[in-house]
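# Architecture and fold: a report
So you can see what is in the structure, the chains are spelled out below.
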Amino acid sequence: MKRNRLDERYPFVVTHHEVPIDRVPLSRPPEALESAIDALIPDLRTERFIVHTENQRKVLQERVGDSTPVEVIPHGVNDMFRNYDYDERPEEDHTVLFFGHVIPAKGIDTLLEAIPIVRERVPDVTLVIAGNGRLGTGSKRIIERYPANFEVHDSFIPNDQVGEFFSRAALVALPYRQQKGGTKGHSGALATAFSFGKPVVASAAGDFPSQVGESGAGAIVPPQDPEALADAIVDLLEDREKRARMAENSEKQAKRLSWDSIADRHLDLYESVLDER
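Residues numbered from 1 in each chain as written. Predicted model: local features only at pLDDT ≥ 70, side-chain atom pairs only at ≥ 80, totals over all residues. Heavy atoms only, no water.

## A few points about the side chain of T126
Among the secondary structure elements, T126 is positioned in strand β5 (residues 126–130). In this view, T126 contacts H94, T95, V96, A148, N149 and E151; residues no more than four positions away in its chain are not counted. (Helix = DSSP H or I, 4+ residues; strand = E, 2+ residues; numbered from the N terminus. Contact = heavy atoms within 4.5 Å.)

This is the structure in structure tokens:
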């Protein structure tokens, strides 16, 4: 494209799904190689950058300077799961859902440590873990000690079964760890929780405070704090009216972040860039 000068003939708008805080992440060889190759390719003339969160905007804007504006357009909700013919289940008052790939960055160990604390006040609490991955030794010991309070589905969840898990849940837990720079673009589990109108208990990692806390769709707690996480979970499990209010706000987030709405925001941006040309 650069050799044919396409970036001079047509305006370019580039979307960054993720913005790594390190320009060349040497700790992860494949990404380091990709970054090194990118560094050898001449930069295209770019009219706008698009990112999904305000934290990403700050990092990228500092990197590219003031010459190219960086716009924030959130990632849309995962509403396609509602279109499948899934087994819709009645909501279970004391069921907490952790959904998605099980990796340390998502704070699953913190959530496992919180459940025995929740159990002291809500004895029949059930944490449903739906997604493949690897649990640490400490997490496995907690599950073995309190088997009645855990339901583990260690496998990839097919699209036509996602709705079954979310329909059962009283709330969705997103206890993610704070990543360096806070530049994660979005959470697919959060987008799916919004699409099913579920209240959320999330850590203060990334853009969760604005997406969850400020929107009223759930509660925000410090990352890697089992006691605070347990308190927030108990508060919502014991207060059905508060859960209902947060569920309404979660549904509003789903409408605000529908793909029709997100597409309109992209089109508006593209038109403004064309007008400038």
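## So, the environment of E120
Take E120: it is sitting in helix α4 (residues 108–121). Distance from E120 to V234, taken between C-alpha atoms, is 9.8 Å for residues 114 residues apart in sequence.

## Description of the packing of helix α7 (residues 188–195) against helix α10 (residues 240–256)
The interhelical angle for the contact between α7 and α10, taken along N-to-C directions, is 110 degrees, at an axis separation of 7 Å. In this view, α7 runs roughly perpendicular relative to α10, as classed from their interaxial angle. On α10, the residues that touch A193, F194 and S195 of α7 are S250, E251, Q253 and A254. Class assignment for the residues of the contact of α7 with α10 results in 3 nonpolar, 3 polar and 1 charged. (Axes fitted to C-alpha atoms, helices over the stretch in contact; angles between N-to-C directions. Parallel < 35°, antiparallel > 145°, perpendicular 65-115°, else oblique. Nonpolar A, V, L, I, M, F, W, Y, C, P; charged D, E, K, R; others polar.)

## Focus on the packing of helix α9 (residues 226–237) against α10
How two helices pack is summed up by the angle between their axes together with the distance between the axes. Closest axis-to-axis distance for the α9/α10 pair is 6 Å, and the angle between their directions is 95 degrees. By the angle between their axes, α9 is roughly perpendicular relative to α10. Across the interface between the two elements, D235, L236 and L237 from α9 touch R240, K242, R243 and M246 from α10. Tallied by class, the residues present in the contact of α9 with α10 amount to 3 nonpolar, no polar and 4 charged.

## Here we look at the layout of surface pockets
Its boundaries defined by the atoms lining it, the second largest pocket holds a volume of some 170 Å³. Forming the walls of the second largest pocket are 15 residues, and the residues nearest its centre are F99, G100, H101, F156 and I157. Mapped onto the lining of the second largest pocket, the elements with two or more residues apiece are α6 (159–168) and α7. When grouped by side-chain class, the residues that make up the lining of the second largest pocket number 6 nonpolar, 9 polar and no charged. (1 Å grid on protein atoms, 1.4 Å probe; cavity = no way out; pocket = protein on both sides within 12 Å on 5 of 7 lines; lining within 4 Å. Points joined across faces, edges and corners; volume = space filled by probe spheres on them.)

Spatial relationships are all this shows, so hold off on functional conclusions.
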